[in-house]
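If you want the building blocks of each chain, they are given just below.
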Amino acid sequence: MKRPNIQIFTIHLVVVLISLTSITFANTFTVGVEDIDYYPFYSYNNKEYSGAAYEILDAFAKKNNYTFTYKGMPVTRLLKSYLNGEVDFKFPDNAYWGQEDKKAHSVVYSQPVLSFIDGVLVKPENKDKNIEWLKRLGTLRGFTAWDYLDLIKANKVTLRGVSSLDSLIKQVANDRLDAAYFNIQVASYYLKHKLNQADLLVFNESLPHTKSNYHLSTIKHAKIISKFNQFLLDEKEYIQKVIVNHELD
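The written sequence of each chain sets the order in which its residues are numbered from 1. Local features are withheld for residues below a pLDDT of 70 in this predicted model, meaning they are given only at 70 or higher, and side-chain atom pairs are given and counted only at 80 or more; totals for whole chains, interfaces and linings count all residues. Side-chain measures were taken over the full set of non-hydrogen atoms in the model, leaving aside hydrogen atoms and water.

A word on helix H2 (residues 52–63)
Next up, step 1: The end-to-end C-alpha distance of H2, which contains 12 residues, comes to 17 Å, matching closely the 16 Å that a straight helix rising 1.5 Å per residue would cover.
Next up, step 2: Exposure categories follow from relative accessible area, calculated using a 1.4 Å probe and restricted to protein chains: below 20% of the type maximum is buried, above 50% is exposed, and the middle band is partly exposed. Labels follow the DSSP assignment, with helices taken as runs of H or I lasting at least four residues and strands as runs of E lasting at least two, numbered in each case from the N terminus. Taken together, the buried positions of H2 are Ala52, Ala53, Ile56, Leu57, Asp58, Ala59, Phe60 and Ala61. Residue count minus one, scaled by 1.5 Å, sets the expected span of a helix.

This is the structure in structure tokens:
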């Protein structure tokens, strides 16, 4: 009886393992995300990504046999790392963000993934006050109150940077600030679920605010963005469930 050629078998096995490894790495991508708690949109804590964005991105990855790993970084460093090619995708992103830094790069953006509102939260009795009333505005350090830049430059509104959302909310509630400029959905979720005081502050819709969208972007993988856009169309029902489950509707 002819003995099996162990050497040939071993070579074949190594070739198969190398091929499988190559396929695995070819389908593995790093998504650069913000290392902050911005729940229910997203949160990065102890190297774990969660929230509505995670559920949508991971559902897309699984459907296409991709593996997404999420790398959290401070907002400013995330943009630099992304433009340096250290990550494959960035979320969230928007064509209006970091335009000067992105000029030398061909950034491809997905269709809108999640919509958001940046505006001001005030005490309930001030929910209909006009712009002349607003004098003291607060936001988190590192964030830009885009809708109020002209008023701030003209010294009509004073901006104060605060270290945490909790502190920002309490300073408005205690009349140390007139209003807090922040993501309305994130602040409302925090008020309801973390402070158990859903009506402590409310959104003043009459004051300047921005309605926009979060996108997935890439410099390296335009074809995958095309697939992701198709996923957004095909899975509208699923995505809407994620939005509702996270109280973002």
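Re the pattern of salt bridges
Two side chains of opposite charge can pair, provided their charged atoms sit close to one another.
Next up, step 1: When a carboxyl oxygen of Asp or Glu is within 4 Å of a side-chain nitrogen of Lys or Arg, the pair counts as a salt bridge. Applying the stated criterion across every chain, the model contains 12 salt bridges.
Next up, step 2: When the shortest N-O distance is used, the salt bridge between Asp37 and Lys194 registers 3.9 Å. Of this pair, Asp37 sits in strand E2 (residues 37–38) while Lys194 sits in the loop between helix H7 (184–193) and strand E12 (202–203), placing them 157 residues apart in sequence.
Next up, step 3: Here Lys220 and Asp88 are joined by a salt bridge, their closest N and O atoms 3.7 Å apart. On the criterion of sequence distance, the pair formed by Lys220 in the loop between strand E13 (210–218) and helix H8 (222–234) and Asp88 in the loop between helix H3 (75–83) and strand E6 (89–93) is long-range, its members being 132 residues apart.
Next up, step 4: Among the residues examined, Asp88 registers a relative accessible area of 13% and is labelled buried.
Next up, step 5: By sharing partners, the salt bridges in this structure join Lys90, Asp93 and Lys102 into a single network.

What to know about the side chain of Lys123
Next up, step 1: Mapped onto the fold, Lys123 is located in the loop between strand E8 (114–122) and strand E9 (136–140).
Next up, step 2: Accessibility expressed as a relative area gives 16% for Lys123, which makes it buried.
Next up, step 3: Residues are treated as being in contact if the distance between any of their heavy atoms lies within 4.5 Å. Those residues in contact with Lys123 that sit more than four places away from it in its chain are Val172, Ala173, Asp175, Leu200, Leu201 and Val202.

Regarding the pairing of strand E3 (residues 42–45)
Next up, step 1: DSSP bridges decide pairing: two strands pair if at least two such bridges lie between them. Of the strand pairs in this sheet, E2 and E3 are connected by 2 bridges, and their pairing is antiparallel. Bridge pairing in E3 places Asp37 opposite Ser43.
Next up, step 2: Where E2 folds back on E3, the antiparallel hairpin that results is connected by 3 residues.
Next up, step 3: Here E3 pairs with strand E4 (residues 48–50) via 3 bridges, running antiparallel. Residue Ser43 lies in a different strand from E4, and its bridge partner there is Ser50.
Next up, step 4: Between E3 and E4, which pair antiparallel one after the other, the connecting turn spans 2 residues, and Asn46 there sits at a positive phi close to 55 degrees.

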